[in-house]
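Results of the structural survey
Chain by chain, the residues:
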Amino acid sequence: MTPGLYRGATRLASPLIWLYLARRKAIGKEDEGRIGERLGRPGLARPEGALVWCHGASVGEAVSVLPLIERLLDRCPEAHLLVTTGTVTSARIMAERLPPRALHQYVPVDAPGAVKRFLDHWRPDLALWVESELWPNLVLESRARGVPMVLVNGRMSERSLARWKRFSGLVRPLLDAFALILAQSPADAGRFEALGADHVRAAGNLKFDAPALAADAAALAEARAMVKDRPIWLAASTHPGEEVSAAKVHARIEAELPRLLTVVVPRHPERGRAVKEALEAEGLSVALRSRKDRVTLATDIYVADSLGELGLFYRLSPVVFVGGSLVPHGGQNPLEPARLGCAVIFGPHMENFAPAVEAMLDAKAALAVADEAGLAEALRSLIGNEEKRRGLADAAADVARELSGALDEVLAELDPYLAATQRPSHARA
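So, a few notes on the structure that sits alongside this text. (Residues numbered from 1 in each chain as written. Predicted model: local features only at pLDDT ≥ 70, side-chain atom pairs only at ≥ 80, totals over all residues. Heavy atoms only, no water.)

1. Observations regarding the environment of Pro231
The residue Pro231 is located in the loop between helix 11 (217-227) and strand 8 (232-238) in this model. In this structure Pro231 touches Leu257, Pro258, Arg259, Leu260, Leu261 and Ile383, once residues within four positions along its chain are discounted. (Helix = DSSP H or I, 4+ residues; strand = E, 2+ residues; numbered from the N terminus. Contact = heavy atoms within 4.5 Å.)

Following this line, the structure appears as structure tokens:
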């Protein structure tokens, strides 16, 4: 596969895009009112002056760069910042959290016509791509127009490396399009270099610098009153299969922990009703947050299928299992609960956060389990033992502090590119 072949194939496939988007819209994965943005048709006017464009695939990437976005706008007081993502959930979160002078649009589908319309309208002066989602037409057309590009918080797993090696004729031009690649770790940097990338630096992981997740004070007080003094644990950011595992673990240990409440926060809130049905099939009493169900003493599991409330449930639950780790997904961020004083447990599939996991295990700041039986045993050892739980949580908080610092390093690397956007001659026709 070469760039020319890819461009030709996506041009031929363009008539099928409406069908693709219509199918996604039918299952709630597209925003009906903003579907034009996916075709490159702008939903907002371009602000005057310099525009920095930042693209992240979905919620995790977009949230991880919010502190970076705020610092960029501080450094460039006359510039605006455009954030693009591809998911409905990320758009909602960006609408709530983006600071003034920052705008959100959906990323266009990677078809030549949509890409051309997007770039014709927005004319970015600098593009920052986050982590690992590289759309060939969008990357290469941006380079052809002279847009400087930096890959920020770059991540390249072993699996992605093997996949990209099969498309060497495409990946080398893509990586060459970036003036600089700032990788999350030396291991990630080495994998980018193995694909032929130049100008690669390991700057650290921005997810390790994120502030503690926020929580609405009134909602937290209401949740605490609802839960009262019941023993509680949280299965956070779960993926398909893990909710049923949480239910089976609950059934294993509830006899030893009377009135136990298990809280499940699905990674994708739209799965809430399906999760409830699956857990009820296990014979458990389930309450659903999106339906405003009350938690009573008869409730076994509370499914918190809400958006942007993970910080609330970390504060509510002293013991947290990090989802995406009992199934081969790669794990979610274990430092999020660590920052909020939780004792952290995760499964065997934590490849996406390997440096943090290694540091936490070395410091005895988390428990790693292999399966449902191991998770049940870890919960038994922590929920009833405040001293052990507090020791694990304090060690985790220390690791979270020690791993910070990537934001300042990334900003230092970006300064020359930001300075160029501030010169009077920066604007492109």
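Resuming the write-up.
2. A short note on unusual backbone geometry
Of all residues except glycine, most have a negative phi; of all peptide bonds, most are trans. We note that Ser237 has phi near 55°; this positive angle belongs to a residue other than glycine. Along the polypeptide, Ser237 turns up in strand 8. Using a relative accessible area of 5% as the deciding quantity, one classes Ser237 as buried. One non-glycine residue with positive phi stands out, namely Lys292, at about 60°. When its relative accessible area of 71% is taken as the criterion, Lys292 is described as exposed. (Buried < 20%, exposed > 50% of the residue type's maximum accessible area, 1.4 Å probe, protein only.)

3. Re the pairing of strand 6 (residues 180-183)
Residues Leu180 and Leu182 of strand 6 are buried on one face, and the alternating residues Ile181 and Ala183, pointing to the opposite face, are buried as well. Two strands pair when backbone bridges link them, and strand 5 (residues 149-154) and strand 6 are joined in this way by 3 bridges, in the parallel orientation. In the sheet register, Val150 faces strand 6, and the bridge partner there is Leu180. Across 3 bridges, strand 6 lies against strand 7 (residues 200-202) in parallel orientation. Directly across from Ala183, in strand 7, lies its bridge partner Ala202. The handedness of the strand 6 to strand 7 crossover, carried by helix 10 (residues 186-194), is right-handed. (Pairing = 2+ DSSP bridges. Right-handed = clockwise from strand over helix to strand, strands pointing away.)

4. Details of the layout of surface pockets
Approximately 200 Å³ is the volume attributed to the second largest pocket. Every residue lining the second largest pocket is listed: Val63, Leu66, Pro67, Glu70, Arg97, Ala210, Pro211, Ala212, Leu213 and Ala214. Here the residues of the lining of the second largest pocket are counted per class, giving 8 nonpolar, no polar and 2 charged. (1 Å grid on protein atoms, 1.4 Å probe; cavity = no way out; pocket = protein on both sides within 12 Å on 5 of 7 lines; lining within 4 Å. Points joined across faces, edges and corners; volume = space filled by probe spheres on them. Nonpolar A, V, L, I, M, F, W, Y, C, P; charged D, E, K, R; others polar.)

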